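# Structure assessment
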Amino acid sequence: MQLITNINDLIDWRNAQNGTIGYVATMGALHQGHLSLIQNAKKNNDKTIVSIFVNPTQFGANEDFSKYPRPKDKDIELCKTAGVDVVFMPEASQMYPNEAHNEVNIIPPVKMSNVFEGALRPGHFNGVLLVIIKFFNLIRPANAYFGKKDAQQLLIIKRMVSDLFLNINIVGCDIVRDSNNLALSSRNVYLDSASYDIALRIPKALERVSYCILSNKLESSEIEKAALDVLGDLEVDYCKIVDFNLESIQKIKNGESLLLIAVRVSGVRLLDNFWF
Ligand code: AMP
């Protein structure tokens with residue numbers, strides 16, 4: 001496996017490639033969720049490249065940018081074992097040569113980005129799209145793999161690719177969960193054991209949602225209420241059913257809607273969702 005930290009070396013590597021490239025964007029602190037994206041990429045492409053970059057432009061001033069976990073050596077080992085061909089791990093100065101606030105910006109559609117994560121984290125998706133389009137332009141992948149766990153991010157990236165006619169296939173990958181069904185997240189390391197137990201109300205709420213579907217309860221308000229009942233007194237940022245444009249809908253439609261959940265447990269924000 002090759003470790004590349006410099007953009008010129010990445011360009012040289014890319015120019016030497018003939019086959020298809022599968023790309024996985026990450027912020028590191030890799031877990032089985034990331035590894036499942038890597039496995040998908042390996043299955044369907046000639047070469048697999050993973051970027052590991054804690055992107056400063058997608059963090060707000062009061063967020064966890066500086067304390068975000070960065071176990072570099074462990075991440076490199078995991079990628080090696082997983083059979084990744086290239087890890088691209090640049091410094092911020094490589095990705096933002098003109099300082100981020102001084103650069104061209106990519107602005108997502110307001111209706112998709114001023115809601116949910118975007119409402120709570122102003123500018124977050126501008127930062128995500130800016131770094132992702134830079135990676136896309138450098139790597140020119142045939143396929144790029146993103147987790148359904150970050151549903152809003154996945155839908156906004158799909159819109160960018162479609163609106164800007166980028167020739168990249170975006171593949172949404174299933175959420176990987178631990179043995180108690182909590183969605184894996186690099187931020188789960190912030191949870192102590194009491195908070196972890198409380199966080200398990202999230203997968204329990206999703207179980208209740210499956211039960212609603214099985215009992216043919218399809219009204220959004222009914223399903224949202226069932227989930228909220230299980231979340232109980234957790235601090236819920238949102239628990240809402242939307243279509244793929246992130247607009248509210250009255251009734252779920254199979255293959256066209258999802259429930260988005262964000263809660264805070266002991267100050268740790270946890271995201272999860274259910275794709276109908
Ligand atoms: P991050 O390192 O948190 O930016 O995540 C990198 C990619 O991994 C994103 O596309 C995430 O949606 C995806 N991802 C994170 N956690 C999971 C998970 N539990 N299951 C599937 N994909 C995930």
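What this report covers is the structure whose coordinates are included nearby. All of these numbers come straight from a predicted model, not from anything done at the bench.

The rules behind the values
- Residues numbered from 1 in each chain as written.
- Predicted model: local features only at pLDDT ≥ 70, side-chain atom pairs only at ≥ 80, totals over all residues.
- Heavy atoms only, no water.
- 1 Å grid on protein atoms, 1.4 Å probe; cavity = no way out; pocket = protein on both sides within 12 Å on 5 of 7 lines; lining within 4 Å.
- Points joined across faces, edges and corners; volume = space filled by probe spheres on them.
- Nonpolar A, V, L, I, M, F, W, Y, C, P; charged D, E, K, R; others polar.
- Buried < 20%, exposed > 50% of the residue type's maximum accessible area, 1.4 Å probe, protein only.
- Helix = DSSP H or I, 4+ residues; strand = E, 2+ residues; numbered from the N terminus.
- Pairing = 2+ DSSP bridges.
- Right-handed = clockwise from strand over helix to strand, strands pointing away.
- Near = heavy atom within 4 Å.
- Polar contact = N/O pair within 3.5 Å; in protein donor to acceptor, adjacent residues only side chain to side chain.
- Areas by Shrake-Rupley, 256 points an atom, 1.4 Å probe, with all protein chains shown as cover.

The space that makes up the second largest pocket amounts to roughly 250 Å³. Residue lining of the second largest pocket: 17 residues in total, with Phe 53, Val 54, Arg 70, Lys 72 and Pro 90 positioned closest to the centre. Split by residue class, the lining of the second largest pocket holds 12 nonpolar, one polar and four charged.

Within a regular beta strand, the side chains point alternately toward one face of the sheet and then the other, so they alternate between its two faces. In terms of residue burial, strand β5 (residues 143–147) counts as a mostly covered element, since four of its five residues are buried. With three bridges joining them, strand β2 (residues 21–26) and β5 adopt parallel strand pairing. Residue pairing in the sheet places Val 24 in a bridge with Tyr 145 of β5. Once you follow β5 into helix α8 (residues 151–163) and on to strand β6 (residues 169–173), the crossover reads as right-handed.

Here we come to the site of the ligand. Neighbouring residues of the ligand: 17 residues in total, closest His 34, Gly 147, Asp 150, Val 176 and Leu 184. Interatomic distance of 2.9 Å between a backbone N/O atom of Met 27 and an oxygen atom of the ligand. Protein chains bury 92% of the 490 Å² of accessible surface belonging to the ligand in isolation. Sorting the residues of the shell around the ligand by element identifies β2, α2 (32–44) and β5 as the ones contributing at least two each. Take the shell around the ligand: its biggest share by element is three residues, from α2.

Once that is clear, we can look at the pairing of strand β3 (residues 47–52). With five of its six residues buried, β3 lies for the most part within the structure. For β2 and β3, the ladder comprises six bridges, and the chain directions are parallel. The partner of Tyr 23 across the bridge, within β3, is Ile 49. Viewed along the sheet, the connection from β2 through α2 into β3 turns out right-handed. Bridging between β3 and strand β4 (residues 86–88) involves three bridges; their strand directions are parallel. In the sheet register, Val 50 faces β4, and the bridge partner there is Val 87.

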